[in-house]
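Letter by letter, the chains look like this.
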Amino acid sequence: MTESKRLAVLGAGAVGSAVVELAASYGYTVTGYADSTSAVTNPQGIDTTAVTAHKNTTGRVGNADPSTLFETEYDVLIEATPTTLGDAEPGFTHVRRALEHDCHVVLANKGPIAERYSEIMTLVDTSMGSLRFEATVGGAIPVMGTIEDIGPPTVTAVRGVLNGTANFILSRMAAEGIDYEHVLAEAQDLGVAEADPSFDVDGTDAALKCVIVANVLAGGTNEYTLTDAVVDGITDIPGSALELAAEDGRTIRLIAEASPEGVRVGPRLVPQNTALAVSGTQNIVQIETKHAGQLNLSGRGAGGSETASAVLADVGRLPSLSK
Amino acid sequence: MTALRDEGVNIIQAGAEQYTEQAVILLIGHIVESDLSDTLERIEECGASSLTDVSLNAPEGNDDVSSARLRIATRAGKTATAMTAVREIATEKNLQVIEPLTEEMI
């Protein structure tokens, strides 16, 4: 049976808004909701339908200052603001504030856990709150939960296709014989690629996900950030390369690899019609284990409701807070 | 061997070379302008490998970006050595290497 938890949701993009819309169906109450310019709070629970309508009309979730989110009563902070690199701000400060108040944190924002892993874990150690971050890797695919269940010390490597935009572009280039620029324009028209797609096509997004996995696998013996990753993107791959690969029964995929020893992201040759050669925006993750062989997990690696489902699954895994 | 010597061939070494692994890689860039023959010779000279197939795809002509597929046979356990050599040559010539995820058994 789901225990009722009070959620404060920070970030009103595709993931944050989906969490707000779906929370009640998981048995949770949203007591605070904030975007970059405004907030709405109610200790008894906000009217999520009315707030969503207000946001759609005005572009703001409420009329209060965003900082009031931390003054409301909540058990779990859902940090779903855009990922930032380097100091990972303001996400890092949001996490710190919640943990210092002995509240739980569930991250959809990759920045704090990828760029400041040890600092975050130190904060967790001194808090009654816990931290979970399933949604930061693989969208709806339960990558972190599976690694946690198997036991990180028994996982030797994790690899896969972890960026749907890059995979869509490579899939279309291979299937239609169209060059990169044309497929990118198509992807942008379809909403699969953002106006500035660099985060996806240069490998940064996949690398951040693998940095998170590598830190978990390393178990504190090594700490990785994005600067430790070897990253190569797909922007320079011509159609002629995909044609040569196809002639030999292969294709090119942007493969991300994480192990306790490091992170590597880059275009790689993989056989067609095998697990790693997923098409379109699909993601796949292969987990290599010492005792259980290879596990393949595939599914939707992005999207509002898909990623929100991972966030809400994390909320369900959190222990009770006894304040 | 006698027949070869009779034809004037100077035999330096004779014996069976066992290649048990192979790797297929792609090179991307100004492959022709950066001297494809030299690239292939140097890959073979690394001592661990033999090129068994080369395909070039240059739809925009030899003076533009093109792609090449190389099938490299290597002795057991030497694929990593061959890949290191390929990477070094590619870096020197500003070519991108698309590597396979794992080597294959022949």
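Residues numbered from 1 in each chain as written. Chains lettered and ligands numbered in written order. Predicted model: local features only at pLDDT ≥ 70, side-chain atom pairs only at ≥ 80, totals over all residues. Heavy atoms only, no water.

Q: Before we go on, may I ask you to explain the overall build of chain A in this structure?
A: Counting its regular elements, chain A contains 12 helices and 12 strands. For 323 residues, the compact-globule estimate of 2.2 N^0.38 gives 20 Å, and chain A sits close to it at 20 Å. Dimensions of chain A along its principal axes, counting C-alpha atoms only, are 60 × 45 × 35 Å. Of the contacts made within chain A by residues no fewer than 6 positions apart, 67% connect residues no fewer than 24 positions apart. (Helix = DSSP H or I, 4+ residues; strand = E, 2+ residues; numbered from the N terminus. Rg over C-alpha atoms; globule rule 2.2 N^0.38 Å. Contact = heavy atoms within 4.5 Å.)

Q: Whenever I open this one, the overall build of chain B confuses me. Can you help?
A: The secondary structure content of chain B amounts to three helices and five strands. Taken from the N to the C terminus, the helices and strands of chain B come in the order α-β-α-β-β-α-β-β. With the C-alpha coordinates aligned to their principal axes, the bounding extent of chain B is approximately 50 × 30 × 20 Å. Going through the 106 residues of chain B one by one, you find that 43% of them count as buried. (Buried < 20%, exposed > 50% of the residue type's maximum accessible area, 1.4 Å probe, protein only.)

Q: Explain the sheet that holds strand E3 (residues 39-41) of chain A here, please?
A: Across a sheet, paired strands are connected by hydrogen bonds in the backbone, their directions being either parallel or antiparallel. Residue and element names in this part refer to chain A. Pairing within the open sheet is mixed, and its six strands lie in the order E3-E2-E1-E4-E5-E6. In this open sheet, the two edge strands, each paired with only one partner strand, are E3 and strand E6 (131-132). Bridge count for strand E5 (residues 104-107) against E6 is two bridges, and the pairing is parallel. Looking at the pairing, Val105 lines up with Leu131 of E6. Packing against the sheet, helix H3 (residues 91-100) makes contact with strand E1 (6-10), strand E4 (76-79), E5 and E6, and its axis sits at approximately 175° to E4. (Pairing = 2+ DSSP bridges. Axes fitted to C-alpha atoms, helices over the stretch in contact; angles between N-to-C directions.)

Q: Looking at this structure, how should I read the interface of chain B and chain A?
A: Buried accessible area, meaning the area lost when the parts come together, often serves as the stated size of an interface. Listed as interface residues are 19 residues of chain B and, on the opposing side, 23 residues of chain A. Carbon and sulfur atoms make up 55% of the area that chain B and chain A hide from each other, which totals about 1,600 Å². Remark: the boundary between chain B and chain A carries three salt bridges. Glu99 of chain B serves as the salt-bridge partner of Arg264 of chain A, at 3.4 Å between the closest nitrogen and oxygen. (Buried area = accessible area lost by both parts, 1.4 Å probe. Salt bridge = Lys/Arg side-chain N within 4 Å of Asp/Glu carboxyl O.)

Q: Is there a simple way to think about the packing of aromatic side chains in this case?
A: Ring pairs (aromatic) are described by centroid distance and by the angle formed between their planes. Residues and elements named next belong to chain A. With the rule as written, the count across this model stands at zero aromatic pairs over all chains. Across the ring face of Phe70, the terminal group of Arg97 is positioned such that the distance to the ring centre comes to 4.2 Å. The ring centre of Phe92 lies 3.6 Å from the NZ or CZ of Arg116, which sits over that ring. (Phe/Tyr/Trp six-rings, centres within 6.5 Å; stacked < 30°, edge-to-face > 60°. Lys NZ or Arg CZ within 6 Å of the ring centre and 35° of its normal.)

Q: Would you take a moment to explain the pairing of strand E7 (residues 155-161) of chain A for this structure?
A: For a regular strand, side-chain orientation follows a simple rule: the groups alternate between the two sheet faces. Residue and element names in this part refer to chain A. Summarising burial for E7: six of the seven residues are buried, a large majority. Sheet topology note: the E7/strand E9 (residues 250-259) ladder contains three bridges and is antiparallel. Of the residues in E9, the one forming a bridge with Arg159 is Glu257.

Q: Before we go on, may I ask you to explain the environment of Gly13 of chain A in this structure?
A: Residues and elements named next belong to chain A. Relative to the helices and strands, Gly13 is located in the loop between E1 and helix H1 (14-22). Taking relative accessible area as the criterion, Gly13 reaches 36% and is therefore assigned partly exposed. Expressed as a C-alpha distance, the spacing of Gly13 and Gly304, which sit 291 residues apart in the sequence, is 8.1 Å.

Q: Hey, could you run me through helix H8 (residues 180-190) of chain A in this one?
A: Each turn of an α-helix holds 3.6 residues, which means side chains three or four residues apart point in the same direction. Residue and element names in this part refer to chain A. For H8, the full list of buried residues reads Tyr180, Val183, Leu184 and Ala187. All buried residues of H8 fall inside an arc of 105° around its axis, so they share one side. The exposed set on the far side of H8, more than 90 degrees from its buried face, consists of Glu181, His182 and Asp189. Contacts from the buried residues of H8 go to helix H7 (164-176) and helix H9 (198-201). Of the residues flanking the end of H8, it is Gly191, one or two places downstream, whose phi is positive at about 80°. (Arc of directions from axis to C-beta.)

Q: Whenever I open this one, the pairing of strand E2 (residues 29-34) of chain A confuses me. Can you help?
A: Residues and elements named next belong to chain A. Counting buried residues in E2 gives five out of six residues, a clear majority hidden from the surface. Where E1 meets E2, five bridges bridge the pair, whose relative direction is parallel. Bridge pairing links Arg6 to Thr29 in E2. Between the parallel elements E1 and E2, the chain passes through H1 in a crossover that is right-handed. By the bridge criterion, three bridges tie E2 to E3 in an arrangement that is antiparallel. Looking across to E3, one finds that Tyr33 is bridged to Val40. Linking E2 back to E3 in an antiparallel pair, the connection comprises four residues. (Right-handed = clockwise from strand over helix to strand, strands pointing away.)

Q: How should the environment of Ser66 of chain B be read in this particular structure?
A: With respect to the element layout, Ser66 of chain B can be found in strand E3 (residues 66-74). Placed 39 residues apart in sequence, Ser66 of chain B and Leu27 of chain B show a C-alpha to C-alpha distance of 8.3 Å. Ignoring anything within four residues of it in the chain, the contact list for Ser66 of chain B reads Ser240 of chain A together with Leu27, Ile28, Gly29, Ile31, Val32, Leu56, Asn57 and Ala58 of chain B.

Q: Looking at this model, I keep getting lost on helix H5 (residues 117-125) of chain A. Mind explaining?
A: All names here are of chain A. By the burial criterion, the buried members of H5 are Tyr117, Ile120, Leu123 and Val124. Angularly, the buried residues of H5 cover 125° about the axis, an arc narrow enough to put them on a single face. Of the surrounding elements, those touching the buried residues of H5 are H3, helix H4 (111-115), E6 and helix H10 (204-218).

Q: So what exactly am I meant to see when it comes to the nonpolar core here?
A: In globular proteins that are soluble, nonpolar side chains generally tend to be buried together. Residues and elements named next belong to chain A. One finds Leu77, Leu131, Ile147, Ile169, Ile234, Ile237 and Ile252 to be the most contacted residues of the largest nonpolar core, which totals 76 residues. With 11 residues, H10 is the largest single contributor of residues to this core. Once you skip the residues sitting within four places of it in the chain, Ile147 turns out to touch Pro152, Val155, Val158, Val213, Val216, Leu217 and Ile287. Counting residues in hydrophobic clusters, the runner-up holds 27 residues, among them Ala18, Ala23, Tyr33 and Ala308. (Core = buried A, V, L, I, M, F, W, Y, C linked by side-chain atoms within 4.5 Å.)

Q: Would you explain the side chain of Glu257 of chain A in this entry?
A: Examined against the element boundaries, Glu257 of chain A turns out to sit in strand E9. In terms of polar contacts, Glu257 of chain A uses its side chain to reach the side chain of Arg268 of chain A, at 2.5 Å. Other than its neighbours up to four places away in sequence, Glu257 of chain A contacts Val158, Arg159, Cys210, Gly262, Val263, Arg264 and Arg268 of chain A together with Leu101 of chain B. (Polar contact = N/O pair within 3.5 Å; in protein donor to acceptor, adjacent residues only side chain to side chain.)

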